[in-house]
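Structural features, examined
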Amino acid sequence: ESHSAAVQLLFSAQGSMPGAVNELVSSWRAWNGFEVEALHVMPPEQAFATFLAGRRSTPMWLDGYGFKLQSPGKTFGSGNYVRMASQPCSAYLNYLAYVRTGDALWRNRSFVQMALLLRAQNQNTSSVHHGAIHSSFRLDTMAFTSNDRGHSPGLKVDLICHMARYMLQMWRTVLQHEDLDRTDWHAAGLAAARWVARQQNLGDGGLP
């Protein structure tokens, strides 16, 4: 049994990328009459308003804690927890929404998120892990953990570094906007960053 199929061969005199790729794709589009359909994109102000409306009304927000990871998320493994690793970045976004709109709901939420974050941090100055922050808050046991989804145990250097950055961003932005010096946020951010620095390998300065 035999089969046949048409093959298109397109050539470019460019000789190297990206010029050759651009020419080949343009030639293929022209030969086959391929056109990309235009997309409808919201104007920035409308997109921002739509985003805030969804963020305001989402059932994923849990008063006193923050945003639950995902829906339905009925078990820890399926997302029934607050992801502490995203908490300071999310709080910072909420606070920027407050700065932009003046709506105190966003400020209140950002402060709630920061409060839970402080509870997730190791505050014991005599501990080798002083400053480290748990990456999850389980909603089934109402307890902090770094055993994410039940199969990734251990404190995470990259996530804690990310958290430290946005904790300090929050501290600085609130200080600039309100002249309110949240020294507890500042101290927590520095402690987290210092924990990360202590994880460096002595030999090459790399991080695990």
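Everything here concerns the structure above.
To start, this report covers the structure provided alongside it. (Residues numbered from 1 in each chain as written. Predicted model: local features only at pLDDT ≥ 70, side-chain atom pairs only at ≥ 80, totals over all residues. Heavy atoms only, no water.)

Overview of the overall build of the protein
As a reminder, the rule being used: In DSSP terms, a helix is any run of H or I states spanning at least four residues, a strand is any run of E spanning at least two, and both are numbered starting from the N terminus. Only protein chains enter the accessibility calculation, which uses a 1.4 Å probe; a residue is then buried when its area is under 20% of its type maximum, exposed when over 50%, and partly exposed in between. Two residues form a contact once any of their heavy atoms are found within 4.5 Å. Positive charges come from Lys and Arg, negative ones from Asp and Glu, while His and the chain ends are left out of the count. In this description, the location of a charge corresponds to atom NZ of lysine, CZ of arginine, CG of aspartate or CD of glutamate.
In terms of regular secondary structure, the protein is built from six helices and five strands. Element order for the protein, N to C, with α for helix and β for strand: α-α-β-β-β-α-α-β-β-α-α. Once the C-alpha set of the protein is aligned to its principal axes, its extents read approximately 75 × 50 × 40 Å. Residues classed as buried in the protein amount to 32% of the 208 residues present. Restricting the contact set of the protein to residue pairs at least 6 apart, pairs at least 24 apart contribute 56%. Taking the average location of the 18 positive side-chain charges in the protein and that of its 15 negative ones, the two points are 9 Å from each other.

Quick notes on the packing of aromatic side chains
Note the following rule: Within 6.5 Å between ring centres, the rings of Phe, Tyr and Trp (the latter by its six-membered ring) count as paired, and their orientation is classed by plane angle as stacked under 30 degrees, edge-to-face over 60, tilted in between. Placement of a positive charge over a ring is assigned whenever Lys NZ or Arg CZ falls within 6 Å of the ring centre and within 35 degrees of the normal to the ring plane.
The tally for this structure, following the rule as stated, stands at nine aromatic pairs. Ring geometry for Tyr65 against Phe137: centres 5.4 Å apart, planes inclined by 15°, an arrangement best described as stacked. Placement of the pair is Tyr65 in the loop between strand S1 (61-62) and strand S2 (66-67) and Phe137 in strand S4 (residues 136-138), with a sequence separation of 72 residues. Given the relative accessible area of 25%, Tyr65 is considered partly exposed. On the basis of relative accessible area, Phe137 is assigned to the buried category, the value being 1%. Counting every residue linked through ring pairs, the aromatic cluster contains Tyr95, Tyr98, Phe111 and Trp185. Of note, Arg100 hangs over the ring of Phe48, and the distance from its end group to the ring centre comes to 4.9 Å.

What to know about the packing of helix H4 (residues 104-119) against helix H5 (residues 157-178)
How we decide: Lines are fitted to the C-alpha atoms to define the axes, a helix being fitted only along its stretch in contact, and any angle between axes, read from their N-to-C directions, falls within 0 to 180 degrees. Roughly parallel means an angle under 35 degrees; roughly antiparallel, over 145; roughly perpendicular, 65 to 115; everything else is oblique. Helix crossings get a hand from a simple test, with the near helix turned counterclockwise from the far one by less than a right angle marking a left-handed crossing and a clockwise turn marking a right-handed one. Amino acids are sorted into nonpolar (Ala, Val, Leu, Ile, Met, Phe, Trp, Tyr, Cys and Pro), charged (Asp, Glu, Lys and Arg) and polar (every other residue, Gly among them).
Close contact between H4 and H5 brings their axes to 12 Å; oriented N to C, the two are set at 140°. Comparing their axes, H5 and H4 come out oblique. The handedness of the crossing between H4 and H5 is left-handed. Here Arg107, Ser110, Phe111, Met114, Leu117 and Leu118 of H4 lie close against H5, whose contacting residues are Met163, Met167, Met170, Val174 and Glu178. Considering only residue class, the contact of H4 with H5 consists of eight nonpolar, one polar and two charged.

Quick notes on the sheet that holds S4
Backbone hydrogen bonds hold the strands of a sheet together, and the pairing may be parallel or antiparallel. In plain terms, the rule: DSSP bridges decide pairing: two strands pair if at least two such bridges lie between them.
The strand order S3-S4-S5 describes an open sheet built from three strands, whose pairing is antiparallel. The sheet is open, and its two borders are formed by strand S3 (81-83) and strand S5 (143-145), each paired with just one other strand. Here the strands of the sheet are splayed against their neighbours by 25° on average, with no regard to which way each runs.

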